[in-house]
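# A closer look at the structure
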Amino acid sequence: MDKYNVKTSFQKWFSAINFSGLSENSQSLISDFDFYSKKLDFQTTLKVLLHAVYEELPSYREIDRAFLDQRLCKELGIDSLCYSSLSRRAPEIKQEVLMEIFTQLVARISVQQPSSKTTSLQLIDSTTIPLNKAWFPWAKFRKTKSGIKLHLNLCYLDKTNQYPESFTMTNASEHDRNHLEVLVDKTQATYVVDRGYFDYKLLDKLNRDGYFFVTRTKSNTKITILDQIEVADTTTRDGTIISDQQVILGGGVNHVTERFRLVTVLTKGQKILRMVTNRFDVSPNEVADMYQARWQIELFFKHLKQNLTIKRLYSHSEQGAINQVILTLIATLLTYVIKIELNTTATLFQLKRTFHYLMFEPAEEWFKRYRPG
């Protein structure tokens, strides 16, 4: 019998989490959670919630109804579920445990797919999750609405391989620049950010601390040209290289102290893009391609919001809301682990859709859809 036939697709998907490898602190928190539990112990509650966010179930009541499917009952080892019990238990999961599970999965992926300065990019951006002010008063954002913000670092290996590597959660009113340094922790890595993060002191600090970056200048950025660099090939994926220059940015008391590189591109849509970087070891075409890769984090946010339950939060408490966002990222990593094992170019969305129909079938039924031949 094939080794995967002993596990269902759901069991194989969930098995990437190594509970015995968690820290003593997390083990203790899990034990505390289980102490008064009769049915919803930690692992069962985690399975229920991961299934819910991945299946896009919109509420605790709908999660309750999902257990009319006897296959799900058998898979999770419970005969039924009461939504009120789940609504009490879910927010009690400690954020520290979920964060360690997330970090554990990232560590596993980084071993299986090691990255380097020359083979990967770190794409950083944020997305706002709007919330109802009456239901989420703790997340006050604007006069008429509430909201939270996910600040994310997406590790980009190539067009078909990207995964969330680190993140922070804040109130939606928090400025992106305030959290860039929290997500920047790999010296010699190349961080790609939008111009919302553009700041003279910040660029100087990143350069001084040994981090590479690619970003766009703002429309009012003062630019002093120091040298012109000859461009051998002016063609890029999305346009034409106009110039490649060494520059100083800013003026007066507000300026960078180091010379940087400015690559200017005219896109096919006749838009001028001015990209600044401290990488002088690559061609201007590669600099342009690095910035264009930033679009992948926008697509990732779109995937989270459209294909997982992140816009409709189950709990109105702050802890419950943050936990649900972390669970969506964990669910994404669990699928990415499968993607690595299969060595497939299939997208996370394609794997997710097939999983929907085959989660209770032997894992081999899921896997054989993506094996060559």
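Residues numbered from 1 in each chain as written. Predicted model: local features only at pLDDT ≥ 70, side-chain atom pairs only at ≥ 80, totals over all residues. Heavy atoms only, no water.

## Quick look at the overall build of the protein
- In terms of helices and strands, the protein carries 14 helices and eleven strands.
- Scaling as 2.2 N^0.38, a compact globule of 373 residues should have a C-alpha radius of gyration of about 21 Å, and the protein matches this with 23 Å.
- For the protein, the accessible area works out to roughly 17,800 Å², and carbon and sulfur atoms hold 48% of it. (Helix = DSSP H or I, 4+ residues; strand = E, 2+ residues; numbered from the N terminus. Rg over C-alpha atoms; globule rule 2.2 N^0.38 Å. Areas by Shrake-Rupley, 256 points an atom, 1.4 Å probe, with all protein chains shown as cover.)

## Some words on the confidence of the model for the protein
- Here the protein averages 90 in pLDDT, while 97% of its residues score no lower than 70.
- Model confidence for the protein, summarised as mean pLDDT per element, is weakest for strand β9 (residues 254–255) at 74 and strongest for helix α1 (residues 9–14) at 97. (pLDDT = per-residue confidence, 0-100.)

## Re unusual backbone geometry
- Unusually for a residue other than glycine, E56 sits at a positive phi of about 60 degrees.
- Note on placement: E56 falls in the loop between α3 (42–54) and α4 (60–66).
- Classification of E56 by relative accessible area gives partly exposed; the value is 28%.
- Unlike most non-glycine residues, Q270 shows phi in positive territory, near 65 degrees.
- Here Q270 is to be found in the loop between β10 (260–267) and β11 (272–277).
- Assessed through its relative accessible area of 60%, Q270 is described here as exposed. (Buried < 20%, exposed > 50% of the residue type's maximum accessible area, 1.4 Å probe, protein only.)

## Some points on the packing of aromatic side chains
- A complete count under the given rule lists 18 aromatic pairs for this structure.
- Considering the side-chain rings of F14 and F19, the 5.8 Å spacing of their centres and the 35 degrees angle between planes classify their relative orientation as tilted. There is no split in this pair, since F14 and F19 are both buried.
- Look at F213 and F260: their rings are 5.2 Å apart centre to centre, the planes differ by 85 degrees, and that puts the pair in the edge-to-face class. Highlighted residues: F213 in strand β5 (residues 212–216) and F260 in strand β10, separated in sequence by 47 residues. Both residues of the pair, F213 and F260, count as buried.
- Geometry around Y54 places K352 over its ring, the cationic atom sitting 5.3 Å from the centre. (Phe/Tyr/Trp six-rings, centres within 6.5 Å; stacked < 30°, edge-to-face > 60°. Lys NZ or Arg CZ within 6 Å of the ring centre and 35° of its normal.)

## Points about the side chain of T332
- Structurally, the position occupied by T332 is in helix α12 (residues 318–342).
- Ignoring sequence-local partners within four residues, the contact set of T332 consists of P164, F300, L304, L308 and L348. (Contact = heavy atoms within 4.5 Å.)

## Quick word on the nonpolar core
- W13, L46, L50, I63 and I101 are the most contacted members of the largest nonpolar core, which totals 101 residues.
- For this core, the element with the highest residue contribution is α12, accounting for 15 residues.
- Beyond its immediate stretch of four places on either side in the chain, L50 contacts W13, F14, I17, L327, I330, A331 and L334.
- Ranked by size, the runner-up nonpolar core spans 22 residues in total, among them L183, V184, V193 and F198. (Core = buried A, V, L, I, M, F, W, Y, C linked by side-chain atoms within 4.5 Å.)

## Things to note about helix α7 (residues 95–112)
- Under the 1.5 Å per step criterion, the end-to-end length of α7 is 26 Å for 18 residues, consistent within 8% with the ideal 26 Å.
- The elements touched by buried residues of α7 are α2 (24–35), α3, β3 (161–171) and α12. (Expected span 1.5 Å × (residues − 1).)

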